[in-house]
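Residue strings, one per chain:
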Amino acid sequence: MKFFITSKDIGIDLGTSNTLLYVKGQGVLLREPSVVTINSKNRQVLAAGLEARNMIGRTPEGIETVRPLKDGVIANFDLTEQMLKKFIEKVNIKGTFKRPRITVSHPSGITEVEKRAINDAISQLGVSKVVLIEEPVAAAIGSGLPVDEPVGSMIVDIGGGTTEIAVISLQGIVTSKTLRIAGDELDETIIDYVKREFNLMIGERTAEKVKIDIGSVYEDKEEEEKDMEIRGRDLMTGLPKAVTITESQVREALVEPIALVIEAIKATIEQTPPELAADIMDKGIMLSGGGALIKGLDKLIYNQIHIPAYVSENPLECVVLGAGKCLEVIDKI
């Protein structure tokens, strides 16, 4: 099979929720959900990305929608490989695919076996070189932090499957933590809350929309509280039902998982050498990933830890931009 792109170098953010592709010299060309729709009988991929995501909860018998990555690592090798092939096809512009060099991010806490699975899945695409980059390092580079200097930089990257917390100095991770609490877990928490409080069953896409539209973790008394109507299945009658959920209710739902993230940030700082900890006090904490966009997270961190927190300029693309910048020095890696 042939693919068509204009560069030999590609950076990939292979995320649990979304996969992003960066082509050297052209920037980010693809951002699609890490989802595939397959034929249940022969396991053939019928659709990938946004097209597959739109089918979640709407497929007939014999067709299922699957997320081939879980908690930042490959859960299904073959489906991940097929999904990546579909994504590379989508960025085919000009010229022939000629064994590109690829940088790909991965969570810092994964095992050597899990790293090998990522390496093997990418290698099956017919590439000439694969370089694995730890996600927090890529996020820090993409956020513009001075990772190559002898100063401490702290990054908190809240993705779909994992939250990566790391202190970086001289291009290396000094101390880090990986939590299996991230965007997907927040969606599940909202689903459970709605089930408990309203006797209503909602789907993942509805929960994610609630999180994005009115998700909040810190009360700002100067702003008017938002609410939204959600629809699902009444657990008592089995019939469709609509209810209104408020911003304060979502905040209540998210208290526990967000508290665990903040505790992990505290624990990481406690393990940081004093000189680097002083740098973090001065420079603050950089937030990246989709979870960084939750309203009030930066204020809550400052309120709890008394260290300023800042949301990256482009939180959703930090990791893939970092992987893309690493393409500039791929020959030295």
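Residues numbered from 1 in each chain as written. Predicted model: local features only at pLDDT ≥ 70, side-chain atom pairs only at ≥ 80, totals over all residues. Heavy atoms only, no water.

J.: Please give an account of helix H3 (residues 112–123) that cites residues and values.
T.: Counted at 1.5 Å a residue, the expected span for H3 with its 12 residues is 16 Å, and the 16 Å between its end C-alpha atoms agrees. Of all the positions in H3, only Ile118, Ala121 and Ile122 are classed as buried. In an axial view of H3, the angular spread of the buried residues amounts to 100°, which keeps them on one side of the axis. Of the exposed residues in H3, the ones pointing more than 90 degrees away from its buried face are Glu112 and Val113. Of the surrounding elements, those touching the buried residues of H3 are strand S1 (9–14), strand S8 (73–74), helix H2 (77–90), strand S9 (101–106) and strand S10 (129–134). (Helix = DSSP H or I, 4+ residues; strand = E, 2+ residues; numbered from the N terminus. Expected span 1.5 Å × (residues − 1). Buried < 20%, exposed > 50% of the residue type's maximum accessible area, 1.4 Å probe, protein only. Arc of directions from axis to C-beta. Contact = heavy atoms within 4.5 Å.)

J.: Tell me about the sheet that holds strand S18 (residues 309–311), and name the residues and values.
T.: The 5 strands are arranged S13-S12-S11-S17-S18 in an open sheet whose pairing can be described as mixed. Of all strands in the sheet, those with a lone pairing partner are strand S13 (172–179) and S18, marking the two edges. In this sheet, adjacent strand axes meet at a mean angle of 20° when their direction is disregarded. Note: strand S11 (residues 153–158) against strand S17 (residues 285–288), 4 bridges, orientation parallel. Across the sheet, residue methionine 154 finds its bridge partner in S17, namely isoleucine 285. Along the sheet, helix H9 (residues 297–305) makes contact with S11, S17 and S18, crossing S17 at roughly 150°. (Pairing = 2+ DSSP bridges. Axes fitted to C-alpha atoms, helices over the stretch in contact; angles between N-to-C directions.)

J.: Mind laying out the nonpolar core, listing which residues take part and the relevant values?
T.: Among the nonpolar cores identified, the biggest contains 44 residues, and Ile230, Ile245, Ile265, Ile285 and Ile301 are the most heavily contacted of them. The element contributing the most residues to this core is helix H7 (residues 247–270), with 9 residues. In this structure, this core is formed jointly by two domains, domain 2 (145–181 + 256–313) and domain 3 (183–253), each of which donates at least three residues. (Core = buried A, V, L, I, M, F, W, Y, C linked by side-chain atoms within 4.5 Å. Domains from an automatic or database assignment.)

J.: So what about the pairing of strand S15 (residues 227–234)? Which residues, and what values?
T.: Across 2 bridges, strand S14 (residues 200–201) lies against S15 in antiparallel orientation. Bridging across to S15, methionine 201 finds its partner in arginine 233. The pairing of S15 with strand S16 (residues 240–246) spans 7 bridges and is classified as antiparallel. Of the residues in S16, the one forming a bridge with methionine 228 is isoleucine 245. Where S15 folds back on S16, the antiparallel hairpin that results is connected by 5 residues, among which glycine 238 adopts a positive phi of roughly 80°.

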